[in-house]
Amino acid sequence: MTRKPFICGNWKLNHGLVETQAVLRAMAAEASTYSSVELAIAPVTPLLAAAAQVLQGSALGLAAQNVHHQDKGAFTGEWACHHLSELNVGYAIVGHSERRQYFGETSAAVGQKVRACLDNNLVPIACIGESLQEREAGQIWDVLKNQMDPITAAVQPDEAHRLVVAYEPVWAIGTGKTASAAQAQEVHAQLRSWLAGAFGEDVAERVRLQYGGSVKPSNALELLSEKDVDGALVGGASLQADTFLGIAAAAFELA
Ligand code: 13P
């Protein structure tokens, strides 16, 4: 089974309008070179419309960093899946550890967001990951399983191939400490076996598993060479075109 590698940049709270347009223009100019790799960027939400304009007709997709699970209502400050679809945004990152840590996003809420994405034709990029303390306390599998269960429970087997799961160990995010390729593979293999338990082996083989946490051009090839590492969710190194495209090039080399 071949899974199309998927590299997504998460810009978090960074580039403003001018930089967003310039960096996306530079990335879009090169994106079609890596046609066997799926590429997307998640800018800050208020700039999605401007980003969509720049990326019109390009091979670089757009992702949102978050989304609300309901379509409408009295939810000040939120936006729904259909607002993203209207802007040609194809993906939504849900359950990022920063959302869980700073904004109280629960695993149950992440499941609801995954459901909303699938109902609205968005690809959910559902994030999970353990903290250093949890890893050192030997709780990694309990933590990851507790985060995965509401995600798999929200998805039917016949649509599960559309799901993307991003494993982002919290201790590797923005710290320069990457998980070793072997550590990433160990977790990804376990995730795929949980997916097989929920949806059957054939479906589990189709689900793409991204690794995230200090991915850069210099370590991308090694991480992406692992059998169950199907892409990357990239923070810092996605902010500039050359480093993001360097990671895309590594995925392209392996695809
Ligand atoms: P860094 O690549 O900056 O470690 O961030 C990873 C991340 O959180 C992507 O969602």
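Residues numbered from 1 in each chain as written. Predicted model: local features only at pLDDT ≥ 70, side-chain atom pairs only at ≥ 80, totals over all residues. Heavy atoms only, no water.

### Things to note about helix 11 (residues 241–254)
Taking 1.5 Å of rise per residue, 14 residues should cover 20 Å, and helix 11 covers 20 Å from first to last C-alpha, within 8% of that figure. Burial in helix 11 covers these residues: A241, F244, L245, I247, A248, A250 and A251. The inward-facing, buried residues of helix 11 abut strand 1 (6–10), helix 1 (17–31), strand 2 (38–42), strand 3 (60–64), helix 10 (217–224) and strand 8 (231–234). (Helix = DSSP H or I, 4+ residues; strand = E, 2+ residues; numbered from the N terminus. Expected span 1.5 Å × (residues − 1). Buried < 20%, exposed > 50% of the residue type's maximum accessible area, 1.4 Å probe, protein only. Contact = heavy atoms within 4.5 Å.)

### Focus on the site of the ligand
Near the ligand lie 13 residues; those nearest to it are K12, H96, G174, S214 and G236. In the model, an oxygen atom of the ligand is placed 3.0 Å from a nitrogen or oxygen of the N10 side chain. The contact in question runs from an oxygen atom of the ligand to an N or O atom on the backbone of S214, over 2.8 Å. In terms of residue class, the shell around the ligand is made up of four nonpolar, seven polar and two charged. (Near = heavy atom within 4 Å. Polar contact = N/O pair within 3.5 Å; in protein donor to acceptor, adjacent residues only side chain to side chain. Nonpolar A, V, L, I, M, F, W, Y, C, P; charged D, E, K, R; others polar.)

### Looking at the sheet that holds strand 4 (residues 91–94)
Pairing is parallel in the closed barrel, where eight strands are placed in the order 1-2-3-4-5-6-7-8. Taken over all neighbouring pairs, the strand axes of this sheet differ in orientation by 25 degrees on average, direction set aside. Note that strand 2 and strand 3 share three bridges and pair parallel. The residue bridging A40 from the neighbouring strand is G61, located in strand 3. Along the sheet, helix 1 contacts strand 2 and strand 3; its crossing angle with strand 3, the most-contacted strand, is approximately 135 degrees. (Pairing = 2+ DSSP bridges. Axes fitted to C-alpha atoms, helices over the stretch in contact; angles between N-to-C directions.)

### Overview of the pairing of strand 8
Residues G231 and L233 line one face of strand 8 and the alternating positions A232 and V234 line the opposite face, and both faces are buried. Direction of pairing for strand 1 relative to strand 8: parallel, over a ladder of four bridges. Residue pairing across strands places C8 opposite L233, the latter belonging to strand 8. Note that the unit made of strand 7 (residues 208–212), helix 10 and strand 8 has a crossover that is right-handed. (Right-handed = clockwise from strand over helix to strand, strands pointing away.)

### Remarks on the nonpolar core
Taken as a class, soluble globular proteins show a tendency for nonpolar side chains to be buried jointly. The biggest cluster of nonpolar side chains holds 75 residues, and the ones touching the most others in it are I7 and V114. Of all the elements, helix 8 (residues 181–199) adds the most residues to this core, at eight residues. (Core = buried A, V, L, I, M, F, W, Y, C linked by side-chain atoms within 4.5 Å.)

### Digging into the packing of helix 10 against helix 11
Two elements in contact, helix 10 and helix 11, have axes separated by 8 Å at closest approach and are oriented at 25 degrees. The angle between helix 10 and helix 11 places the two elements in the roughly parallel class. The two elements helix 10 and helix 11 cross, and the hand of that crossing is right-handed. The segment helix 10 lies against helix 11, with P217, A220, L221 and L224 engaging T243, G246, I247, A250, A251, E253 and L254. Among the residues forming the contact of helix 10 with helix 11, the class breakdown is eight nonpolar, two polar and one charged. (Parallel < 35°, antiparallel > 145°, perpendicular 65-115°, else oblique. Left-handed = near helix turned anticlockwise from the far one by under 90°.)

### Side note on the pairing of strand 2
In terms of burial, strand 2 is largely enclosed, as five of its five residues are buried. The alternating pattern of strand 2 places E38, A40 and A42 and L39 and I41 on opposite faces, both of which are buried. Across five bridges, strand 1 lies against strand 2 in parallel orientation. Within strand 2, the residue paired with N10 across the bridge is A42. For the crossover from strand 2 across helix 2 (residues 48–55) to strand 3, the handedness is right-handed.

### A closer look at unusual backbone geometry
Phi is positive for K12, which is not a glycine, with a value near 50 degrees. Looking at the element boundaries, K12 is found in the loop between strand 1 and helix 1. By relative accessible area, K12 is classed as partly exposed at 21%. Positioned with a positive phi, S214 is a non-glycine residue whose angle comes to about 55 degrees.

### Here we look at the pattern of salt bridges
On inspection of all chains with the given rule, the structure shows 14 salt bridges. The shortest N-O distance in the salt bridge between E159 and R115 comes to 2.5 Å. Separated by 44 residues along the polypeptide, E159 in the loop between helix 7 (140–153) and strand 6 (164–167) and R115 in helix 5 (residues 107–119) bring together distant segments of the chain. The class for E159 is buried, based on a relative accessible area of 11%. Between K145 and D149 there is a salt bridge; the shortest N-O distance is 2.8 Å. Of this pair, K145 and D149 are both found in helix 7, four residues apart, which corresponds to roughly one turn of the helix. (Salt bridge = Lys/Arg side-chain N within 4 Å of Asp/Glu carboxyl O.)

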